[in-house]
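Next come the chains, spelled out residue by residue.
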Amino acid sequence: MISTVPSLFDRSLSRSGTGIDAFVDRHADEAVAIEYGSGKVALRDGLAGVVEPGENVLVPAYLSPAVVEPFHELGLESRFYAMQDTLAPDGADLEARIDDDTVAVMSVNYFGFPQPDLELIASLADTYDLYHIDDNAHSPLSVHEGRLLGTSGDLGITSLRKLLPVPDGALLYCTDGTVTAECSPSSLAGRSDRFTARDWRFVATSAAGAVLERSPALYRSVERAVSDGDGSSAAEPGDRYEAAKVPMSKLSTLVIDTADPAAIRTARRENYLAWKRVLSARDDVTMYYERLPAGISPYGVPIRASEPASFLAELEDCGVVGAHTWPTLRRRVREDETYEIARTLAAELVVLPVHQGIEPSAIERVGTRLRR
């Protein structure tokens, strides 16, 4: 059930059947879901009651740099484990990093698709008595084999601002009894009860207001404003983490409560398939996921490009806004040859936009302009 207030015991809010909250209630009825402005802050609160300073958490090397900031705030060491080319963990490397001080291991549902070889991570978590963190920041609406992504571990997170044109918004999922019992949400949980200058700045940057959910132009501008910033050096990971320490904004709650999850997921899937058609004849790019399983709401279309910079420039010339490489890695990952696969992926993998403000016909028109 969804909690919009900082109390796990006041979570019996009735829902009208619409909006993101109702969707989560239907697909994750056994999980406690708590609203936040930031997924990283949600992660900090979820772990705070079950970890001790000096312990360590295992996280994949292929990861945005700010994700580990909440661990550091809790006095935890972040240990990166190596990846396979499929985005599955390198099992031998992962297990070798576990010691007596390891308290948790993180899996990631990249680009809205389920984590490859999730069973290995779950098995190691069970064998070594570790908490399993299910990072589902990329897609709140993805359901795989009947399970909402983000709810496969003992706790999980998802980011609403990666789905909607909003300044912030995230959910913490508590699925383990101990995590739920020990979780004491901070003052940063829940919703803001009034509009702030931050809301108005966001509306001004997105040039919108009344047409927030209907204007493709708005979505394009918001895509730039809301992008997670991993491709930019404008702010250090710690600075971005600190800046995100606010409850969910009033503006975000209005959009989240009126969003149509079914329509959003359908639109994103149609755009994903449109890109697949457009790129099918090119031999310099390869789609990372050829199949789009039922229930998946993609964050974007991840592709491997033989010349990423050239391909991004070509897309920009065709009017495509929001295509980007992902992510910028933590410095110690960039400088360690152990993580060669993660470094290669970060350099070569380009993510194409599929947000619901785009029409498939617009993607098809791009296809007629792309050089063959």
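Residues numbered from 1 in each chain as written. Predicted model: local features only at pLDDT ≥ 70, side-chain atom pairs only at ≥ 80, totals over all residues. Heavy atoms only, no water.

Within an unreviewed UniProt entry, the label attached to the protein chain reads Aminotransferase DegT, and the organism entered is Natrinema ejinorense. Quoted verbatim from the Sequence similarities (unreviewed entry) field of the UniProt record, the comment on the protein chain reads "Belongs to the DegT/DnrJ/EryC1 family." (UniProt positions renumbered as here; feature names shortened; annotations may be inferred.)

Asker: Looking at this model, I keep getting lost on the sheet that holds strand β12 (residues 300-305). Mind explaining?
Answerer: Backbone hydrogen bonds hold the strands of a sheet together, and the pairing may be parallel or antiparallel. With antiparallel pairing, the four strands of this open sheet are ordered in space as β11-β12-β14-β13. Every other strand in the sheet has two partners, leaving β11 (285-287) and β13 (324-325) as the edge strands with one partner each. Strands β12, β13 and β14 (349-353) of the sheet are contacted by helix α14 (residues 340-348), whose axis makes an angle of about 105° with β12. (Pairing = 2+ DSSP bridges. Helix = DSSP H or I, 4+ residues; strand = E, 2+ residues; numbered from the N terminus. Contact = heavy atoms within 4.5 Å. Axes fitted to C-alpha atoms, helices over the stretch in contact; angles between N-to-C directions.)

Asker: Please clarify how the pattern of salt bridges should be interpreted in this entry.
Answerer: When charged atoms on two side chains of opposite charge get close, those side chains can pair. Taken as a whole and judged by the stated rule, the model has 19 salt bridges. Between Arg282 and Asp284 there is a salt bridge, with the nearest N and O atoms lying 2.7 Å from each other. Assessed through its relative accessible area of 11%, Arg282 is described here as buried. We classify Asp284 as partly exposed; its relative accessible area is 25%. The network of salt bridges with common partners includes Arg44, Asp45, Glu73, Glu242 and Lys245. (Salt bridge = Lys/Arg side-chain N within 4 Å of Asp/Glu carboxyl O. Buried < 20%, exposed > 50% of the residue type's maximum accessible area, 1.4 Å probe, protein only.)

Asker: Sorry, what's going on with the packing of helix α11 (residues 261-279) against helix α15 (residues 360-369) here?
Answerer: In a packed pair of helices, the relevant descriptors are the angle between the two axes and the axis-to-axis distance. Relative to each other, α11 and α15 sit at 15°, their axes nearing to 9 Å. The pairing of α11 with α15 is recorded here as roughly parallel in orientation. Of the two elements, α11 crosses α15, and the hand of that crossing is right-handed. Counted together, Glu270, Asn271, Ala274, Trp275, Arg277 and Val278 of α11 and Pro360, Ile363, Glu364, Val366 and Gly367 of α15 form the full contact between these two elements. Across the contact of α11 with α15, the residue classes break down as six nonpolar, two polar and three charged. (Parallel < 35°, antiparallel > 145°, perpendicular 65-115°, else oblique. Left-handed = near helix turned anticlockwise from the far one by under 90°. Nonpolar A, V, L, I, M, F, W, Y, C, P; charged D, E, K, R; others polar.)

Asker: For this particular structure, what's the right way to read the packing of aromatic side chains?
Answerer: Any pair of aromatic rings gets described here by the distance separating the centres and the angle formed by the planes. Under the criterion given, the structure shown has eight aromatic pairs. Taking 5.4 Å as the distance between ring centres and 45° as the angle between the ring planes, the aromatic pair formed by Tyr62 and Tyr110 counts as tilted. With Tyr62 in the loop between β3 (56-60) and α3 (69-73) and Tyr110 in the loop between β5 (102-108) and α5 (118-127), this residue pair connects regions lying 48 residues apart in the sequence. With relative accessibility at 0%, the residue Tyr62 sits in the buried group. Where Tyr62 meets Trp326, the ring centres are 5.1 Å apart and the plane angle is 80°; that geometry is what we call edge-to-face. (Phe/Tyr/Trp six-rings, centres within 6.5 Å; stacked < 30°, edge-to-face > 60°.)

Asker: What is the right way to look at α5 in this model?
Answerer: Every α-helical turn comprises 3.6 residues, leaving residues that sit three or four positions apart pointing alike. Of all the positions in α5, only Ile121, Leu124 and Ala125 are classed as buried. Mapping the buried residues of α5 onto a view down its axis gives an arc of 100°, with all of them on the same face. For α5, the exposed residues set more than 90 degrees away from the buried face come down to Glu119, Asp126 and Thr127. Structurally, α5 contributes buried residues whose contacts are with β4 (77-81), α4 (91-96), β5 and β6 (131-136). (Arc of directions from axis to C-beta.)

Asker: Help me out: how do you make sense of the pairing of strand β10 (residues 170-174) in this one?
Answerer: The side chains of a regular strand alternate between both faces of the sheet. Across the five residues of β10, five count as buried, placing the element largely inside the fold. Neither face of β10 is left uncovered, since the one carrying Ala170, Leu172 and Cys174 and the one carrying Leu171 and Tyr173 both have all their residues buried. Looking at chain direction, strand β2 (residues 32-36) and β10 are connected through five bridges and run antiparallel. Looking at β10, one finds that Ala33 is bridged to Tyr173.

Asker: Can you help me understand the state of the cysteines in this one?
Answerer: In protein chemistry, a disulfide is the covalent bond that joins the sulfur atoms of two cysteines. This model, assessed by the stated rule, comprises zero disulfides. A disulfide-free cysteine, Cys183 has its sulfur positioned 4.3 Å from the sulfur of Cys174, the nearest such atom. Residue class for Cys183 comes out buried when judged on its relative accessible area of 7%. (Disulfide = S-S within 2.5 Å.)

Asker: What is the right way to look at the side chain of Ser107 in this model?
Answerer: Tracing the sequence through the fold places Ser107 in strand β5. Here His132 takes part through its side chain, which lies 2.8 Å from a polar atom of the side chain of Ser107. Setting aside its immediate chain neighbours within four residues, Ser107 contacts Tyr81, Gln115, Leu118, Ile121, His132, Ile133, Asp134 and Asp135. (Polar contact = N/O pair within 3.5 Å; in protein donor to acceptor, adjacent residues only side chain to side chain.)

Asker: How should the pairing of β12 be read in this particular structure?
Answerer: Among the six residues of β12, six are classified as buried, and the element is accordingly described as predominantly covered. Burial along β12 is two-sided: the face carrying Gly300, Pro302 and Arg304 and the face carrying Val301, Ile303 and Ala305 are both buried. Across five bridges, β12 lies against β14 in antiparallel orientation. Counted as the bridge partner of Pro302 is Val351 from β14.

Asker: Quick question: what am I supposed to make of the side chain of Thr158 here?
Answerer: Assignment of secondary structure puts Thr158 in strand β9 (residues 155-159). Given a relative accessible area of 1%, Thr158 falls into the buried group. Among the polar contacts listed, one links the side chain of Thr158 to the backbone oxygen of Asn136, at a separation of 2.7 Å. In this structure Thr158 touches Asn136, Ala137, Ser139, Pro140, Ala170, Leu171 and Tyr173, once residues within four positions along its chain are discounted.

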